[in-house]
Amino acid sequence: MPLEPLMILIAEDSAADRMLLSSIVRRQGHEVLTAANGAEAVEAFRQQRPQLVLMDAMMPVMDGFEAARQIKALAGETLVPIIFLTSLTESEALARCLEAGGDDFLAKPYNQVILAAKIKAMDRLRRLQATVLEQRDQIARHHDYLLNEQRVAKAVFDKVAHSGCLNAPNIRYLQSPYALFNGDLLLAAFTPAGDMHVLLGDFTGHGLPAAVGAMPLAEVFYGMTAKGYGLSETLREMNAKLKRILPVDMFCCATLLCLSFQRRSVEVWNGGMPDGYLHNIASGERTPLTARHLPLGVLSPQTFDDRTEVFPMAVGDRVFLLSDGVIDTCDAKEQLFGVERLQQVFAANRQPDRLFEEIEQALQDFRGEARDDVSMVEVSLLEAAQLIPPPLVYSDSGQSCPLDWSVNFEFRAATLKRFNPLPYLLQLLLEVHGLRAQSGALYSVLAELYSNALEHGVLGLDSSLKRDASGFTRYYQQRNARLDELQDGYVRVHLQVAPKDGGGCLTIRVEDSGKGFDVERVMARPVDGIRLSGRGVSLIRQLSRNASWSDEGRSARVEFFWEALA
Amino acid sequence: MSVVTEVSSDGKKLTISIEGRFDFGRHQEFRESYERLGNKPESIVVDLKKATYLDSSALGMLLLLRDHAGGDSSDIRVVNSSSDVKKILAISNFDKLFDIS
């Protein structure tokens with residue numbers, strides 16, 4: 001006995017046969033509808049939707065073949081099994097039954113046992129089809145739902161991610177629109193000094209889990225970059241945040257860059273990403289920017305290593321970063337594309353602007369099909385004047401602007417090691433509305449004064465080391481080493497704001513505990529921007545007013561003025 | 001079985017061998033290989049001799065194992081890595097967390 005009684009339509013022109021068949025089927029526990037010809041059968045089907053049809057092939061008005069075709073058309077995707085009842089025996093006629101849409105046939109005279117078995121078998125098929133359809137619809141619904149969720153999530157994320165400066169003229173990038181759901185992340189933003197921070201990241205895994213971590217990472221990146229924090233502080237914060245919120249097996253490989261257009265240098269931290277490359281256009285040389293660290297979110301804040309490397313750059317030089325999708329691309333034999341093949345593409349490259357396309361082409365040739373999930377970004381160094389960072393947006397009205405005050409700070413060894421006071425100092429100064437228009441210059445000068453006091457003063461580093469590229473790297477290695485070992489010393493910052501003729505004047509004095517320098521000799525050098533060393537001093541003299549050094553170079557003093565605000 | 005577990009006779013050393021691709025598909029088996037043990041072994045060896053490939057979710061699984069085995073105080077060696085696998089481990093700087101050979 002079937003588990004569930006079916007409604008079965010019997011189409012048979014012979015009244016006797018119809019009655020016989022009806023009683024057999026009823027005895028098997030099913031409900032019966034009857035029709036005396038094909039047209040009646042189609043009509044009965046239309047009205048009552050029986051689940052199974054027993055169809056005589058030869059009937060007046062409309063034969064079983066035509067009726068079967070019409071019923072199948074009405075049933076659509078639902079499987080309504082049709083079993084032909086036939087005294088036909090030639091195989092051609094039997095084949096016609098199936099061609100017309102019949103699912104099986106039963107030879108007259110009827111054998112009750114076989115009829116029952118066929119109904120059962122057809123019912124199984126019918127249920128299977130119903131289940132498949134239901135599951136298909138469910139999958140389709142879930143898929144639509146997922147796509148919609150991704151669309152919304154992406155729209156929200158784009159608002160966050162694109163609040164930066166990816167459209168700056170010195171950035172070129174290639175990223176799938178759904179890179180977020182591959183775990184790839186590309187962010188760029190200007191610091192208050194006009195430097196550019198760039199992050200290319202790659203979260204473990206795919207889909208929503210990979211996308212979830214991107215949001216807090218982007219927020220830390222933009223928030224801290226805008227406030228003037230350097231790479232190290234930003235990295236420490238990003239690592240601590242990811243470590244706190246991500247499960248143990250999730251992390252984010254990332255390369256962070258700080259491009260300084262004024263210092264003509266790039267600072268790099270690479271945790272777990274493939275080598276990036278610094279392309280020296282003049283020599284054609286490509287310096288690999290190798291991963292020296294574990295990815296973000298793996299180590300505890302206590303053991304995290306925020307040490308960066310600094311490389312000099314000339315105008316036109318480029319930094320190229322890529323996601324692991326490039327070198328991890330496999331060919332049919334599971335061979336990896338690998339770094340060597342990438343370097344062959346570099347070597348063959350003639351037009352730097354076609355590099356992305358050439359890499360994509362090489363991947364396609366290697367793999368046999370294109371990839372749409374690799375991320376690449378290239379950032380070039382422009383003249384500082386060619387890039388104008390967007391103005392900062394302030395939300396206060398200016399009514400409570402402080403105009404007459406002074407403050408002194410002394411930062412001692414243990415603080416100098418890990419703490420960057422510049423963002424706090426800048427925020428404090430930008431409470432003065434008159435200074436906001438020159439926030440970039442202000443931050444740059446403050447940063448130069450501070451790093452001169454720290455590096456040449458407290459740490460006693462010799463800036464002439466930075467004459468050439470290798471010395472440049474050595475300089476920053478020494479800087480890190482000496483900072484690690486620092487026991488005593490100080491940097492003092494004195495800020496004084498005074499009103500003047502409706503506008504005002506800011507005086508900044510920075511003192512250090514170092515040995516000082518030969519002020520007259522350094523000041524005698526022309527103010528230029530070409531040399532790698534000594535750029536700090538010329539920058540300070542260009543961007544501020546009345547820059548002067550006293551106490552044998554241990555005390556620097558600059559001024560900023562502003563006019564009455566309209 | 002693509003994840004084979006072996007515990008030394010004194011119960012102090014667990015060896016987990018991976019065969020074929022070490023990726024998200026091994027997640028369940030890999031976790032079970034150490035979670036089902038009654039006693040925590042003192043040292044763990046992950047044998048990648050027969051592993052052909054390793055992706056970032058495998059790195060995540062290694063981190064899970066490390067966490068389970070006591071984090072910084074864990075003793076985990078990753079042995080017999082092929083040159084491709086070694087490259088991936090090197091890029092991620094996992095040699096700072098695991099003894100890799």
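Residues numbered from 1 in each chain as written. Chains lettered and ligands numbered in written order. Predicted model: local features only at pLDDT ≥ 70, side-chain atom pairs only at ≥ 80, totals over all residues.

*Asks:* Honestly, the overall build of chain A in this entry has me stumped. Any pointers?
*Replies:* Of the regular secondary structure elements, chain A holds 17 helices and 20 strands. By the compact-globule yardstick of 24 Å for 566 residues, chain A is too spread out, its C-alpha radius of gyration being 39 Å. Oriented by its inertia axes, the alpha-carbon framework of chain A measures out at about 125 × 60 × 40 Å. Expressed as a percentage of the 566 residues in chain A, the buried residues total 39%. Restricting to contacts in chain A with at least 6 residues of sequence separation, those with at least 24 account for 68%. (Helix = DSSP H or I, 4+ residues; strand = E, 2+ residues; numbered from the N terminus. Rg over C-alpha atoms; globule rule 2.2 N^0.38 Å. Buried ≥ 20, exposed ≤ 12 C-beta atoms within 10 Å, placed from the backbone. Contact = placed C-beta atoms within 7 Å.)

*Asks:* Please clarify how the overall build of chain B should be interpreted in this entry.
*Replies:* Broken down by element type, chain B carries three helices and five strands. Reading chain B from its N end, one meets helices and strands in the order β-β-α-β-α-β-α-β. In summary, chain B has a C-alpha radius of gyration of 12 Å against a globular reference of 13 Å for 101 residues, a match within 12%. Along the longest, intermediate and shortest principal axes, the C-alpha atoms of chain B span 35 × 30 × 20 Å. Considering only intrachain contacts with a sequence separation of at least 6, the fraction spanning at least 24 residues in chain B is 71%.

*Asks:* I'm lost on the interface of chain A and chain B in this one. Help?
*Replies:* Between chain A and chain B, the residue contacts involve 16 residues of the former and 16 residues of the latter. Each residue belonging to the side of chain A that touches chain B can be placed in one class, and the counts come to nine nonpolar, four polar and three charged. (Nonpolar A, V, L, I, M, F, W, Y, C, P; charged D, E, K, R; others polar.)

*Asks:* Even after reading the chapter, I still don't get unusual backbone geometry, so can you show me in this structure?
*Replies:* Trans peptide bonds make up the majority, and among non-glycine residues the majority have a negative phi. Going from Lys-108 of chain A to Pro-109 of chain A, the amide bond is cis rather than trans, its omega being -10 degrees. Take Pro-109 of chain A: it is sitting in the loop between strand 5 (104–107) and helix 5 (112–161). For Glu-552 of chain A, which is not glycine, the phi dihedral falls at a positive 55 degrees. Within the secondary structure, Glu-552 of chain A sits in the loop between strand 19 (545–550) and strand 20 (555–562). At Asn-80 of chain B, a residue that is not glycine, the phi angle is positive and equals roughly 60 degrees. With respect to the helices and strands, Asn-80 of chain B occurs in the loop between strand 4 (76–79) and helix 3 (83–91).

*Asks:* Got a minute to help me understand the pairing of strand 4 (residues 82–86) of chain A in this structure?
*Replies:* Two faces make up the sheet, and in a regular strand the side chains alternate between them. All names here are of chain A. With five of five residues buried, strand 4 is to be regarded as a mostly interior element. As paired elements, strand 3 (residues 52–56) and strand 4 share four bridges and run parallel to each other. Within strand 4, the residue paired with Asp-56 across the bridge is Leu-85. Running through helix 3 (residues 64–75), the crossover from strand 3 to the neighbouring parallel element strand 4 is right-handed. When strand 4 meets strand 5, the two strands line up parallel, connected through four bridges. Note that in strand 5 the partner of Leu-85 across the bridge is Leu-106. Assessed by its sense of winding, the connection that carries the chain from strand 4 through helix 4 (residues 91–99) to strand 5 is right-handed. (Pairing = 2+ DSSP bridges. Right-handed = clockwise from strand over helix to strand, strands pointing away.)

*Asks:* Can you help me understand the nonpolar core in this one?
*Replies:* One recurring pattern in soluble globular proteins: nonpolar side chains tend to sit buried together. Residue and element names in this part refer to chain A. If you look at the biggest cluster of nonpolar residues, it comprises 93 residues, and the most contacted ones within it are Leu-217, Phe-221 and Leu-257. Apart from the residues within four sequence positions on either side, Leu-257 is in contact with His-197, Val-198, Val-266, Glu-267, Val-268, Val-319 and Val-379. Judged by nonpolar contacts, the second largest core, of 38 residues, contains Val-493, Ile-508, Val-537 and Ile-540. (Core = buried A, V, L, I, M, F, W, Y, C linked by C-beta atoms within 7 Å.)

*Asks:* Would you mind going over the packing of helix 1 (residues 27–35) of chain B against helix 2 (residues 56–68) of chain B with me for this structure?
*Replies:* Packed helices, taken two at a time, are described by the angle between their axes plus the distance between the axes. All names here are of chain B. Between helix 1 and helix 2, the least distance of the axes is 11 Å, while the angle of their chain directions is 15 degrees. Of the possible angle classes, the one that applies to helix 1 and helix 2 is roughly parallel. As helix 1 runs across helix 2, the sense of the crossing is right-handed. Across from His-27, Phe-30, Arg-31 and Tyr-34 in helix 1, the residues of helix 2 making contact are Ser-57, Met-61, Leu-64, Leu-65 and His-68. (Axes fitted to C-alpha atoms, helices over the stretch in contact; angles between N-to-C directions. Parallel < 35°, antiparallel > 145°, perpendicular 65-115°, else oblique. Left-handed = near helix turned anticlockwise from the far one by under 90°.)

*Asks:* I would appreciate a short explanation of helix 3 of chain A in the present structure.
*Replies:* For the α-helix, the turn length of 3.6 residues means that residues three or four positions removed from each other point alike. All names here are of chain A. For helix 3, spanning 12 residues, the distance from its first C-alpha to its last is 16 Å, which sits close to the expected 16 Å at 1.5 Å a residue. Every buried residue of helix 3 is accounted for by Gly-64, Phe-65, Ala-67, Ala-68, Gln-70 and Ile-71. Residues of helix 3 that are buried sit in contact with strand 1 (7–11), helix 2 (38–48), strand 3, strand 4 and helix 4. Positive phi shows up at Gly-76, right after helix 3, with a value of about 65 degrees. (Expected span 1.5 Å × (residues − 1).)

*Asks:* Teacher, can you tell me more about the sheet that holds strand 2 (residues 13–22) of chain B here?
*Replies:* Residue and element names in this part refer to chain B. Ordered by their spatial adjacency, five strands build an open sheet running 1-2-3-4-5, and the pairing between neighbours is mixed. Because the sheet does not close on itself, it has two edges, and the strands there are strand 1 (3–7) and strand 5 (99–100). By the bridge criterion, four bridges tie strand 3 (residues 43–54) to strand 4 in an arrangement that is parallel. Of the residues in strand 4, the one forming a bridge with Val-45 is Arg-77.

*Asks:* I keep staring at the environment of Asp-462 of chain A and nothing clicks. Help me out?
*Replies:* Position of Asp-462 of chain A relative to the elements: it lies in the loop between helix 14 (439–458) and helix 15 (469–485). Along the backbone, Asp-462 of chain A and Thr-131 of chain A are 331 residues apart, and their C-alpha atoms lie at a distance of 78 Å.

*Asks:* How should the domain arrangement of chain A be read in this particular structure?
*Replies:* How big an interface is tends to be expressed through the accessible area that disappears when the partners come together. Each assigned domain of chain A is listed with its residue range as follows: domain 1 (7–132), domain 2 (162–325 + 373–386) and domain 3 (405–562). For domain 1 of chain A and domain 3 of chain A, the distance between their C-alpha centres works out to 94 Å. (Domains from an automatic or database assignment.)

*Asks:* Could you clarify how one ought to interpret the confidence of the model for chain B in this entry?
*Replies:* Low-pLDDT portions of the prediction should not be read for the details of their coordinates. Residue and element names in this part refer to chain B. Taken residue by residue, chain B gives an average pLDDT of 89. The fraction at 70 or more is 99%. When the elements of chain B are averaged for pLDDT, helix 3 gives the smallest value, 86, and strand 4 the largest, 94. Across the assembled chains, the prediction reports ipTM 0.87 with pTM 0.75. (pLDDT = per-residue confidence, 0-100.)

*Asks:* Before we go on, may I ask you to explain the environment of Thr-329 of chain A in this structure?
*Replies:* Residues and elements named next belong to chain A. Mapped onto the fold, Thr-329 is located in the loop between strand 14 (318–322) and helix 9 (338–348). Judged by C-beta crowding, with 21 C-beta atoms within 10 Å, Thr-329 ranks as buried. When the C-alpha positions of Thr-329 and Val-374 are compared, they lie 9.5 Å apart, and in sequence the two are 45 residues distant. Ignoring sequence-local partners within four residues, the contact set of Thr-329 consists of Phe-337, Leu-363, Phe-366, Arg-367 and Arg-371.

*Asks:* Before we go on, may I ask you to explain the pairing of strand 9 (residues 252–260) of chain A in this structure?
*Replies:* Residues and elements named next belong to chain A. In terms of residue burial, strand 9 counts as a mostly covered element, since nine of its nine residues are buried. Neither face of strand 9 is exposed, since Cys-252, Ala-254, Leu-256, Cys-258 and Ser-260 on one face and Cys-253, Thr-255, Leu-257 and Leu-259 on the opposite face are all buried. When strand 8 (residues 196–203) meets strand 9, the two strands line up antiparallel, connected through eight bridges. When the sheet's bridge partners are listed, Phe-203 is paired in strand 9 with Cys-252. Two strands pair when backbone bridges link them, and strand 9 and strand 10 (residues 265–271) are joined in this way by seven bridges, in the antiparallel orientation. Within the sheet, the bridge partner assigned to Ala-254 lies in strand 10 and is Gly-271.

*Asks:* For this particular structure, what's the right way to read the sheet that holds strand 9 of chain A?
*Replies:* Strand pairing within a sheet occurs via backbone hydrogen bonds; the two strands may be parallel or antiparallel. Residues and elements named next belong to chain A. Read from one edge of the open sheet, five strands run 7-8-9-10-13, paired in antiparallel fashion. Looking at strand neighbours, the two that pair on one side only are strand 7 (184–190) and strand 13 (309–312), the edges of this open sheet. Strand-to-strand twist in this sheet, taken as the mean axis angle between neighbours without regard to direction, amounts to 15 degrees. For strand 10 and strand 13, the ladder comprises four bridges, and the chain directions are antiparallel. Considered in strand 13, the bridge of Glu-267 is made with Val-310. Contacts from helix 8 (residues 231–245) reach strand 9 and strand 10, with the element oriented near 160 degrees to strand 9.

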